Amino acid sequence: MTSTEMRTEAEDSGPSGYAAARLRLLQEGAQSGPPRRAALAELTDEWLTGLFGAGAEGLRGVSLVAVGGYGRGELSPRSDLDLLLLHDGADSGTVAALADRIWYPIWDLGLALDHSVRTPGEARKTASGDLKVQLGLLDARHIAGDLGLTAGLRTAVLADWRNQAPKRLPELQELCAERAERQGELQYLLEPDLKEARGGLRDATALRAVAASWLADAPREGLADARRRLLDVRDALHLTTGRATDRLALQEQDQVAAELGLLDADTLLRQVYEAARVVSYASDVTWREVGRVLKSRAVRPRLRAMLGGGAKPAVERSPLAEGVVEMDGEVVLARAARPERDSVLPLRAAAAAAQAGLPLSLHAVRRMAAVARPLPTPWPAEAREQLVTLLGSGRPTIEVWEALEAEGLITRLLPDWERVRCRPQRNAVHIWTVDRHLIETAVRASELARRVGRPDLLLVSALLHDIGKGWPGDHSVAGEIIARDVAARIGFDRADVAVLATLVRHHLLLIDTATRRDLEDPATVRSVAEAVGSQSTLELLHALTEADALATGPAAWSSWRGSLVTDLVKRVAAVLAGDSPEEPEAAAPTAEQERLAIEAFRTGGPVLALRAQTEPPTEEEPSGDPEPLGVELLIAVPDQPGVLPAVAGVLAMHRLTVRTAELRALDLPDGVEGSVLLLNWRVAAEYGSLPQAARLRADLVRALDGSLDIAARLAERDAAYPRRRGTIAPPPRVTVASAASRHATVIEVRAHDAPGLLHRIGRALEDASVWVRSMHVSTLGANAVDAFYVTGPKGAPLPAEEAVSVARGLEEMLRG
């Protein structure tokens, strides 16, 4: 039977005819989705028109209006009928009788009805005091009666909404936030409410209301399709349960999936999550735009008054990184940025945004997604470092990651991500989808970065530890294979790839062993030690275990579980310590290093050499330009106090970021008395080009003779720039590595990387009257991991108590 025949049957047979036609329409397997919703709305319109006409003969100034979802023509099988009987107030008694003739047949059929009888003035007054009523009226649609009355109300309601938008939109945003707090996020829930949860149908309706205000508009790409999919799922849920419900309960998901022709319940949930993610991201972008517009409207009159007329103030653009600036509370691309030539730009922009605690501009992300050049394989060092910085930025990482994922950049960077994207976890312990759990683990790992010597490996292993989910078999085994491939593609060397593979393969080893095995059994501890292999890997695995559990949910970690894991780690560390290798001998100096040392000794001042470092062309671009790694800076200085803080301070003054650094004393050839300090640094300019070597040397000479106040210069520069609302870094941690060296005391510093950090550390060690015999600096993303080999004035290791005192003083200085 065609829809026309159904309408004819509904008109001829009254309520029973409508009920039969409605049932037949809902049982038609060939028609579903938007066509069925539209047909159901049209069929209902025809029936209600008949009811209205039978009771409104000779009556003028009355109309029947559909509002809300029915007004949009989107009737799900068990949707309420949202109706307004609009009248001009001339004959209230007749209008009341007409209302009864319409409402009672609806109730007789058992249909849910949300109804009201109002004049246009009453409707507008009610809307002004009830935001939900006003939102429903924005979708008002004429069904029967006085068309002019309905059109007049629509025009007036839209005008009211636009005039009151500066007041009503913040109310609507607060309403959405409160609902999200109650219902949770649709994209992560195992039993989601398709309408009320964040990213659901209510939020999609709110975006339509924002667009109707003309103040802002939502990103439209994919939004209509996401909304359609959520409505399709709700239709199937209504049909399978026979109830007007929006909650997708676990026991009904298989039936709903079958109704939609999907493979299984997991496929259903994944489609729901993907749709919710689109709506949530569109909401984030839209509400940011609303806030920016309202703020500019509030500020503009005051600015005009201050500027004395119509002069338009310039928009401030503050640099964040190469090709990336902050503008109007968002991270955007610099005017000179060329994403089509700069393959690292997406990661650099994302890392800068996360570090600054700012959102990535939608326009910037879309531009990079459209034209950015793919990264070569393996990635250049800068790309790897920017990924680590992004992962180590704490909570802001999540919003930035979601922005990249919304435009497809994540799966372009990491193709294996597609398998875990929006993948549900049917485990009561897990509160996130697999992909969000991986990002949450990285966030948790960033809080533990001070506990490990290689925070970059910790963060990347956190990102990859469950990457094997979605493949057949043990996800740890599958994940190890994937992690090896991804780590090599990202550009880690063989040793680091092996460590990452071990961490992914055994990321459950410590928690499983600690809670399920007898730790007093030597065989248990030996088996873990054999699997882990080294102290450094054990240290990383311990931190990964805790981060993974904390990111899983409240039930996955407790002080009891933590104490068991710590006990196991201590036992395994003791086994591994008995097999520790001897301290390696220092490498012999190169010919260039010897030449610089002799020249420094001869002239009595610093000598330096700059040399660009590049990676060779890749297989994909054998003839392309080599990727820059930075600049190797070799400095030789006659042994004297204050060299370390002086060099570190000069580099910070010139905005040179230290990637890696080594310092050691070099004895001169036989027959020449004295020694020279040799510093080998890899640096990169924060913005623009590197300074000239002559300028670096001149400032270094002044720093060493005391005529350049580095601390004051750095303080002036910091004061000139307002502090950004970025991520709160975990506090620095300074420890003494016992038994790490027979010849010196090793003090390890783990802290957030910042300009002047090495200068401050070097000055503190000088003040403590300890001599830095050598140091090993590694800046891994946003984390500095520095090891200082120090001795007392006579060249011997520090006594234990003195070493602890030096470490404690250094930590207090960094915290201050």
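That block above? That's the structure.
Residues numbered from 1 in each chain as written. Predicted model: local features only at pLDDT ≥ 70, side-chain atom pairs only at ≥ 80, totals over all residues. Heavy atoms only, no water.

Asker: Got a minute to help me understand unusual backbone geometry in this structure?
Answerer: Note the cis peptide between T377 and P378, where omega equals -5°. Tracing the sequence through the fold places P378 in the loop between α13 (362-371) and α14 (381-391). Positive phi, close to 55°, is recorded for D328, a residue that is not glycine. The partly exposed category is assigned to D328, whose relative accessible area is 46%. Here the phi dihedral of C422 falls at roughly 60°; this positive angle occurs in a residue that is not glycine. Relative to the helices and strands, C422 is located in the loop between α17 (417-420) and α18 (434-447). A residue is classified by how much of its surface remains accessible, and C422, at 0% relative accessible area, is buried. (Helix = DSSP H or I, 4+ residues; strand = E, 2+ residues; numbered from the N terminus. Buried < 20%, exposed > 50% of the residue type's maximum accessible area, 1.4 Å probe, protein only.)

Asker: What exactly am I supposed to notice about the nonpolar core here?
Answerer: General note: in soluble globular proteins, nonpolar side chains tend to be found buried as a group. Core analysis: the biggest nonpolar cluster contains 96 residues, and L360, W379, W401, L414 and W417 have the highest contact counts within it. Ranked by size, the runner-up nonpolar core spans 50 residues in total, among them I635, L644, M775 and L810. (Core = buried A, V, L, I, M, F, W, Y, C linked by side-chain atoms within 4.5 Å.)

Asker: How should the sheet that holds strand β6 (residues 324-327) be read in this particular structure?
Answerer: Within a sheet, adjacent strands bond to each other through the backbone by hydrogen bonds, running parallel or antiparallel. Spatially, β5-β6-β7 is the arrangement adopted by the three strands of the open sheet, whose pairing is antiparallel. Bordering the open sheet on either side are β5 (317-321) and β7 (330-333), each of which pairs with just one other strand. Taken pair by pair, the neighbouring strands of this sheet meet at an average axis angle of 40°, ignoring direction. Looking at chain direction, β6 and β7 are connected through four bridges and run antiparallel. The residue bridging E326 from the neighbouring strand is V331, located in β7. (Pairing = 2+ DSSP bridges. Axes fitted to C-alpha atoms, helices over the stretch in contact; angles between N-to-C directions.)

Asker: Explain the packing of helix α21 (residues 494-505) against helix α24 (residues 535-552) to me, please; I cannot follow it from the model alone.
Answerer: Packed helices, taken two at a time, are described by the angle between their axes plus the distance between the axes. Remark: α21 packs on α24, axes separated minimally by 10 Å, with the N-to-C direction vectors making an angle of 40°. In terms of their interaxial angle, α21 and α24 are classed as oblique. Where α21 crosses over α24, the two elements pack in a sense that is right-handed. Contacts between α21 and α24 involve V499, T502 and L503 from the former and T537, L540, L541 and L544 from the latter. A per-class count over the contact of α21 with α24 returns five nonpolar, two polar and no charged. (Parallel < 35°, antiparallel > 145°, perpendicular 65-115°, else oblique. Left-handed = near helix turned anticlockwise from the far one by under 90°. Contact = heavy atoms within 4.5 Å. Nonpolar A, V, L, I, M, F, W, Y, C, P; charged D, E, K, R; others polar.)

Asker: What should I look at first to understand the pairing of β5 in this one?
Answerer: The side chains of a regular strand alternate between the sheet's two faces. Pairing of β5 with β6 involves four bridges; the strand directions are antiparallel. Note that in β6 the partner of P319 across the bridge is V325. Joining the antiparallel neighbours β5 and β6 is a turn of two residues, in which G323 adopts a positive phi near 80°.

Asker: Before we go on, may I ask you to explain the environment of V565 in this structure?
Answerer: Inspection of the secondary structure puts V565 in helix α25 (residues 559-577). A residue is classified by how much of its surface remains accessible, and V565, at 0% relative accessible area, is buried. In this structure the C-alpha to C-alpha distance between V565 and T515, which are 50 residues apart in sequence, comes to 8.0 Å. Excluding anything up to four places from it in sequence, V565 contacts L510, I511, A514, H542 and W557.

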